[in-house]
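# Report on the structure
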Amino acid sequence: MAQVRYVSASRVYGKNAPPAVDALDLEIRDGEFMVLVGPSGSGKTTALRMLAGLEPLDAGRVEIGERDVTFVPPKDRDIAMVFQNYALYPQKTVAQNMGFALKMQGVPKDERDRRVREAARLLDLDDQMLDRKPRQLSGGQRQRVAMGRAIVREPRVFLMDEPLSNLDAKLRVQTRSQIAELQRRLGITTVYVTHDQVEAMTMGHRVAVLARGKLQQCATPRELYDNPVNQFVAGFIGSPAMNLQTVPLTDGGARLAGTVLPLPAAVRTAASQAGLGELVAGIRPEHLHLANGSGELAGEVLLVEDLGADALLHVRLAGDADPVVARTEGRTPPAPGQQVTFHVQPDDIFAFHPVTGARLAG
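These remarks concern the structure in this document. For clarity, every value in this text was computed on a predicted model and none was experimentally measured. (Residues numbered from 1 in each chain as written. Predicted model: local features only at pLDDT ≥ 70, side-chain atom pairs only at ≥ 80, totals over all residues. Heavy atoms only, no water.)

### A closer look at helix 2 (residues 94–104)
Three or more residues of helix 2 are buried, namely V94, N97, M98, G99 and L102. G106 sits one or two residues past helix 2 and shows a positive phi near 80°. (Buried < 20%, exposed > 50% of the residue type's maximum accessible area, 1.4 Å probe, protein only. Helix = DSSP H or I, 4+ residues; strand = E, 2+ residues; numbered from the N terminus.)

### Concerning the packing of helix 2 against helix 5 (residues 139–151)
One way to put it is that helix 2 packs onto helix 5 with a least axis distance of 7 Å and a crossing angle of 35°. Viewed along their axes, helix 2 and helix 5 form a crossing whose handedness is right-handed. Counted together, V94, N97 and M98 of helix 2 and V145, G148 and R149 of helix 5 form the full contact between these two elements. When the residues that make up the contact of helix 2 with helix 5 are grouped by side-chain class, the tally is three nonpolar, two polar and one charged. (Axes fitted to C-alpha atoms, helices over the stretch in contact; angles between N-to-C directions. Left-handed = near helix turned anticlockwise from the far one by under 90°. Contact = heavy atoms within 4.5 Å. Nonpolar A, V, L, I, M, F, W, Y, C, P; charged D, E, K, R; others polar.)

### Quick word on the packing of aromatic side chains
Inspection of every chain in the model, using the stated rule, returns three aromatic pairs. Taken together, a centroid distance of 5.6 Å and an interplanar angle of 10° make the contact between F232 and F236 stacked. Placement of the pair is F232 and F236 together in helix 9 (residues 231–236), with a separation of four residues, close to one helical turn. Here F236 falls in the buried class, since its relative accessible area comes to 17%. Looking at R284, its charged tip hangs above the ring of F350, at a distance of 5.8 Å from the centre. (Phe/Tyr/Trp six-rings, centres within 6.5 Å; stacked < 30°, edge-to-face > 60°. Lys NZ or Arg CZ within 6 Å of the ring centre and 35° of its normal.)

### Some thoughts on empty space enclosed by the protein
Counted according to the given criterion, the structure contains one cavity of 30 Å³ or more. When its volume is computed, the largest cavity comes out at roughly 60 Å³. Around the largest cavity, the lining residues are N243, Q245, L256, A281, G282, I283, L288, L297, L317 and V324. Of all the elements in the fold, those that place two or more residues in the lining of the largest cavity are strand 11 (243–250) and strand 14 (278–283). Partitioned by chemical class, the residues of the lining of the largest cavity number seven nonpolar, three polar and no charged. (1 Å grid on protein atoms, 1.4 Å probe; cavity = no way out; pocket = protein on both sides within 12 Å on 5 of 7 lines; lining within 4 Å. Points joined across faces, edges and corners; volume = space filled by probe spheres on them.)

Okay, here's the thing in structure tokens:
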């Protein structure tokens, strides 16, 4: 096991192109499951490939343990990588696929067989499956074989590049729990790349959110959800996404949908010190509480997404405000076309700078 450090690590494709990864500073603790998450083009896969040695650095350095591996070839970094497309040899059996890297390293056959069978046991691959070819396996089984190929190498660091992207929805949920449990049992430092924020939140000990090549925030899933440092993180983390509205400031609060929402004193002070006449207000769907009588916000239900235990209401607010999404209980939700009102607690309103996107009084 080993800690991993990116120290002002940068990668630029093309002379005049913006950095794909821009001065990344990130420390991954020994034995930690770190998830890199962000939209397409955020730099997360490039960052992983820089750690693997598959992409050169244009500035900064990468360390594994106490060793600077910036210029060390991939084969000498003591890492194992799991790819999105499995990359299994079709003509080889499962056992041969899992042990192939060990064979290339000159590991004796008895030791190879021991490691392969031990990894197969961890992954619930029975002896009969070890004799099959990849074409005889399901997508989930192939992914476990790819995991086993990485495990038998007994690396210091696991690198996983969107390994669940080719699986169907049900199998993704099942396999992500298996990967998280396996990492916990093995205790190997793991860097996992995904574009799926639900996957990131359910698997990672900590999550690093990237956008346009820059690290936006690195924290536990709960910290990211409760205390996003800027508008991007707030809007990206959470499903459904946070409702974000640009609203003018008034005495005591912000005007939205024809009413004044009270803002915490710290937010009003921060906005005043910044000389703002407006800000971006953020409200999570579960913080829009249906009111029996009058509430702060009123609107018309456009669409109801019935999810079983709860329902998502798409609501057009009064005035010129953009539609919002509210989460409510699923047994008796309002119907499309119905007028509804919502109550919002002042402490549940996030506030962001309208230009920089930085959190106000976070």
